[in-house]
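Residue-level structure breakdown
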Amino acid sequence: NIIEPASGYLASGLEGKGRMEEPENILAYLERYFDRTSDLSGKSVLITAGPTYEKIDPVRFIGNYSSGKMGYALAEECASRGANVTLVSGPVALSAKSSNINVVSVESAREMLDECQKVFPTSDISIMCAAVADYAPANPSDHKIKREKQDVPTITLVKNPDIAATLGKEKRPEQVLVGFALETDNEAVNASEKLTRKNLDMIVLNSLRDKGACFGTDTNKVSIIRSDKSRTDFALKDKSEVAGDIIDEILKILGKV
Ligand code: C5P
């Protein structure tokens, strides 16, 4: 009975064909549709999102332009497919809508790593979407640094921990770890190298050369590179649709482990 109204709906979407879609195709479509609402049920997903802020003094920081939109879209997509999501988020102007998303707000890379390590051991899927600052001031001042009369102040930096690489070292064979790479040149080679170095199962490549695919936009154009170095290029899409493509690819990996 469920086929009746749905077939009418589908047939009307078949422009110019003028005939009803084959029943087995309709059934396959419906199965895919309903699978998608529960294909992550029982799974725990860890996602990092947004920038990190590294304190210089109480009113200044080193940060970047990451909006967090891609990470939040991934969190909503995972939650809508039945996952329990922990979203470790740097400072962003977004809020999570689904009640299946537990937002853990952090500021620095160090704090982000600490929060990730708390939940990583029980996470089935971890997606490192945050734009983590590479360096932090070595000695943040606890009072506002005064303007120098003559000299220009020097801020000494120290390297931040690499969260993805740290989790990559702790990863168990049944866990899936996904990273992002934002590249301006030699994109595929650099992304593949990162995938290997950080022990990732998949890396999502954003190219800054693509229009509509950068910080703050609602759209993204990605390529996915897997650990066997196979690659799929996707079209420019809304970030929520990109999130769907990424999750579909992760499910293929999960099916194999
Ligand atoms: O090395 P690069 O910063 O280009 O790597 C990007 C990937 O590594 C992203 O998945 C990002 O979230 C993650 N990353 C991280 N911790 C860092 C730097 C990058 O988790 N300190």
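As the structure is a prediction and not an experimental result, all values here were calculated from the model. (Residues numbered from 1 in each chain as written. Predicted model: local features only at pLDDT ≥ 70, side-chain atom pairs only at ≥ 80, totals over all residues. Heavy atoms only, no water.)

A few words now on the packing of aromatic side chains. A full pass over the atoms with the stated rule returns 1 aromatic pair. Considering the side-chain rings of Tyr 53 and Phe 61, the 3.7 Å spacing of their centres and the 10° angle between planes classify their relative orientation as stacked. Its relative accessible area of 23% is what places Tyr 53 among the partly exposed residues. Its relative accessible area of 41% is what places Phe 61 among the partly exposed residues. (Phe/Tyr/Trp six-rings, centres within 6.5 Å; stacked < 30°, edge-to-face > 60°. Buried < 20%, exposed > 50% of the residue type's maximum accessible area, 1.4 Å probe, protein only.)

On to the pattern of salt bridges. Considering all chains together, one arrives at 17 salt bridges under this definition. As a salt-bridge pair, Arg 81 and Asp 248 come within 3.0 Å of each other at their nearest N and O atoms. With Arg 81 in the loop between α3 (69-80) and β4 (84-89) and Asp 248 in helix α7 (residues 239-256), the pair connects residues that are 167 residues apart, well separated along the chain. On the basis of relative accessible area, Asp 248 is assigned to the partly exposed category, the value being 26%. Residue Lys 118 is joined to Glu 115 by a salt bridge in which the shortest nitrogen-to-oxygen separation is 3.1 Å. With Lys 118 and Glu 115 both in helix α4 (residues 109-119) and 3 residues apart, this pair spans about one turn of that helix. By relative accessible area, which is 23% here, Glu 115 ends up partly exposed. Sharing partners across several salt bridges, the network here consists of Asp 39, Glu 77, Arg 81 and Asp 248. (Salt bridge = Lys/Arg side-chain N within 4 Å of Asp/Glu carboxyl O. Helix = DSSP H or I, 4+ residues; strand = E, 2+ residues; numbered from the N terminus.)

Before going further, it helps to spend a moment on the side chain of Thr 48. Position of Thr 48 relative to the elements: it lies in strand β1 (residues 44-49). Residue classification places Thr 48 among the buried positions, given a relative accessible area of 2%. Polar contacts involving the side chain of Thr 48 include one to the main-chain amide nitrogen of Ala 130, which spans 3.1 Å. With residues up to four places along the chain from it excluded, the contact list for Thr 48 reads Val 88, Met 112, Cys 116, Ile 127, Met 128, Cys 129 and Ala 130. (Polar contact = N/O pair within 3.5 Å; in protein donor to acceptor, adjacent residues only side chain to side chain. Contact = heavy atoms within 4.5 Å.)

Taken together, Met 128, Ala 130, Val 132, Pro 161, Asp 162, Ile 163, Ala 164, Gly 179, Phe 180, Lys 194 and Lys 198 are the residues near the ligand. Here a nitrogen atom of the ligand sits 3.0 Å away from a polar atom, N or O, in the main chain of Ile 163. Ala 164 places a main-chain nitrogen or oxygen 2.9 Å from an oxygen atom of the ligand. Protein coverage of the free-state accessible area of the ligand, which is 450 Å², stands at 84%. Using a 2 Å cut-off from the grid points, one finds that the ligand occupies the largest pocket. Of all the elements in the fold, those that place two or more residues in the shell around the ligand are α5 (163-170) and β9 (176-183). A per-class count over the shell around the ligand returns 7 nonpolar, 1 polar and 3 charged. (Near = heavy atom within 4 Å. Areas by Shrake-Rupley, 256 points an atom, 1.4 Å probe, with all protein chains shown as cover. 1 Å grid on protein atoms, 1.4 Å probe; cavity = no way out; pocket = protein on both sides within 12 Å on 5 of 7 lines; lining within 4 Å. Sits in = over half its atoms within 2 Å of the grid points. Nonpolar A, V, L, I, M, F, W, Y, C, P; charged D, E, K, R; others polar.)

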